[in-house]
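# Commentary on secondary and tertiary structure
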Amino acid sequence: MADPFEIASLAAAKIAELSGVKSHDIALTLGSGWAKAADLIGETVASIPATEIPGFSAPSVVGHVATIRSILLPNGKHALVLGARTHYYEGHGVRRVAHGVRTAAATGVKTMILTNGAGGIKDHWKPGTPVLISDHINLTANSPLEGATFVDLTDLYSSRLRDLARTVDETLDDGVYVQFRGPHYETPAEVQMAKIMGGHIVGMSTALEAIAARQSGMEILGLSLITNLAAGIQKTPLSHAEVLEAGREAEPRISDLLARIIAKL
Ligand code: HPA
């Protein structure tokens, strides 16, 4: 199989060719609830169907958008919006999960913003609350790194960028993100396990992508939208419809927050 970094360079070259933008500074992966941020941060220079870029494939989840956008920010920087996240639970392997992040790095990106919709363990969090990811626990039992690639994960979710986000909204809480494999939601017992282990947020993305981003030398900002309280913390059953609805409801507010953070980068 071809080297994943070679495919990422091919993807970056194709993005440069189709957008006319030679290199990008910031990249964003927009999860449930965050997509509107792309419209707020600047002027869209190019919007490319992900299927035209090497290594990307059509998403399997309704509600996930599959375009890659190049956006010119008011400060002259270029942002790459990856609307085509491959989740680990899709079963295409870790290379595909890491491809978006590696493509971003290959386009020159130094700051990677990873967002998601997730379940909250802190019971005072309300659905619609954005929180900063301070660290993660990877329960996928997998890694995007291959071979003897020993990468340090200290301060993986940059404390500098978290501080910067708090200059935009000082009320932003933070928490440790626990990536489960999914696609089923957690059992209440698994949520209790995550809590005892030191977790505050449960989800099905982000940790593997953050590891790949660190390997590529990027600084990472992680943001979760709490779309629901995690199983057993909330007493009613979880549903994908509920997650999407909470995302839609919070979208204007959190997208504006993200746009204001990006303006400060
Ligand atoms: N668990 C895992 N993933 C999620 C959740 C959750 O409660 N909510 C949104 N994505």
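Located above this text is the structure these notes cover.
My aim in this report is to walk through the structure given alongside it, one point at a time. (Residues numbered from 1 in each chain as written. Predicted model: local features only at pLDDT ≥ 70, side-chain atom pairs only at ≥ 80, totals over all residues. Heavy atoms only, no water.)

## Things to note about unusual backbone geometry
Both trends apply: most residues other than glycine have a negative phi, and most peptide bonds are in trans. That bond from Gly182 to Pro183 is cis: its omega, 0°, falls within 30 degrees of zero. With respect to the element layout, Pro183 can be found in the loop between strand 7 (173-179) and helix 5 (188-196). With phi around 60°, Ala141 is a residue other than glycine that occupies positive phi space. Positionally, Ala141 belongs in the loop between strand 6 (129-138) and helix 4 (159-168). (Helix = DSSP H or I, 4+ residues; strand = E, 2+ residues; numbered from the N terminus.)

## A word on the pairing of strand 3 (residues 67-72)
Strand direction decides the pairing type here: strand 2 (residues 43-49) and strand 3, joined by six bridges, are antiparallel. The residue bridging Glu43 from the neighbouring strand is Leu72, located in strand 3. When strand 3 meets strand 4 (residues 78-82), the two strands line up antiparallel, connected through five bridges. Residue pairing in the sheet places Ile68 in a bridge with Leu82 of strand 4. Between strand 3 and strand 4, which pair antiparallel and follow one another directly, the connecting turn spans five residues, one of which, Gly76, has a positive phi of 90°. (Pairing = 2+ DSSP bridges.)

## Topic: the packing of aromatic side chains
Each aromatic ring pair is summarised here by two numbers: the centre-to-centre distance and the angle between the ring planes. Using the criterion set out here, one finds zero aromatic pairs in the structure. Sitting over the face of the ring of Tyr88, Arg181 holds its NZ or CZ atom 5.9 Å from the ring centroid. (Phe/Tyr/Trp six-rings, centres within 6.5 Å; stacked < 30°, edge-to-face > 60°. Lys NZ or Arg CZ within 6 Å of the ring centre and 35° of its normal.)

## Section: the site of the ligand
Taken together, the neighbourhood of the ligand is formed by Gly117, Ala118, Gly119, Tyr185, Glu186, Val202, Gly203, Met204, Thr227, Asn228, Leu238 and Val243. A distance of 2.8 Å separates a nitrogen atom of the ligand from a polar atom in the side chain of Glu186. Interatomic distance of 2.6 Å between a side-chain N/O atom of Asn228 and a nitrogen atom of the ligand. Considered on its own, the ligand offers 260 Å² of accessible surface; in the complex 95% of this is hidden by protein. Elements that contribute at least two residues to the shell around the ligand include exactly strand 5 (111-120), strand 8 (201-203) and strand 9 (219-229). Top element by residues in the shell around the ligand is strand 5. It accounts for three residues. Partitioning the shell around the ligand into residue classes produces six nonpolar, five polar and one charged. (Near = heavy atom within 4 Å. Polar contact = N/O pair within 3.5 Å; in protein donor to acceptor, adjacent residues only side chain to side chain. Areas by Shrake-Rupley, 256 points an atom, 1.4 Å probe, with all protein chains shown as cover. Nonpolar A, V, L, I, M, F, W, Y, C, P; charged D, E, K, R; others polar.)

## Topic: the side chain of Arg85
Structurally, Arg85 can be placed in the loop between strand 4 and helix 3 (94-106). Only 3.0 Å separates the side chain of Arg85 from the side chain of Glu209, close enough to count as a polar contact. Beyond its immediate chain neighbours, meaning those up to four positions away, Arg85 contacts Thr29, Gly31, Glu90, Leu114, Thr115, Asn116, Ser205, Thr206 and Glu209. (Contact = heavy atoms within 4.5 Å.)

## Concerning empty space enclosed by the protein
Summed over the entire model, instances satisfying the criterion amount to one cavity of 30 Å³ or more. Estimated volume of the largest cavity: approximately 80 Å³. Along its surface, the largest cavity is lined by 13 residues, and Ala84, Arg85, Thr86, Val97 and Gly100 are the ones closest to its centre. The element best represented in the lining of the largest cavity is helix 3, accounting for five residues. (1 Å grid on protein atoms, 1.4 Å probe; cavity = no way out; pocket = protein on both sides within 12 Å on 5 of 7 lines; lining within 4 Å. Points joined across faces, edges and corners; volume = space filled by probe spheres on them.)

## As for the pattern of salt bridges
Applying the stated criterion across every chain yields a total of twelve salt bridges. With a shortest N-O distance of 3.6 Å, Arg214 and Asp152 are connected by a salt bridge. One end of the pair, Arg214, is in helix 6 (residues 207-215); the other, Asp152, is in the loop between strand 6 and helix 4, with 62 residues separating them in the sequence. (Salt bridge = Lys/Arg side-chain N within 4 Å of Asp/Glu carboxyl O.)

## Let's talk about helix 3
The terminal C-alpha atoms of helix 3 lie 18 Å apart, and with 13 residues this matches the ideal 18 Å at 1.5 Å per residue to within 8%. Taking the largest bend as the criterion, helix 3 deviates by roughly 40°, centred on Gly100. Next to the buried residues of helix 3 lie helix 1 (4-19), strand 1 (26-29), strand 4, strand 5 and helix 6. Gly108, located one to two residues past helix 3, shows a positive phi value of around 105°. (Expected span 1.5 Å × (residues − 1). Bend = angle between axes of the 7 residues up to and from the residue.)

## Details of the nonpolar core
Core analysis: the biggest nonpolar cluster contains 43 residues, and Phe56, Ile68, Met112 and Ile201 have the highest contact counts within it. Judged by nonpolar contacts, the second largest core, of 29 residues, contains Val81, Ala165, Leu225 and Leu258. (Core = buried A, V, L, I, M, F, W, Y, C linked by side-chain atoms within 4.5 Å. Buried < 20%, exposed > 50% of the residue type's maximum accessible area, 1.4 Å probe, protein only.)

## A closer look at the side chain of Ser70
For Ser70, the location among the structural elements is in strand 3. The class for Ser70 is buried, based on a relative accessible area of 1%. With sequence-adjacent residues up to four places away left out, Ser70 is seen in contact with Ser19, Val21, His24, Glu43, Thr44, Val45, Ala46 and Ala79.

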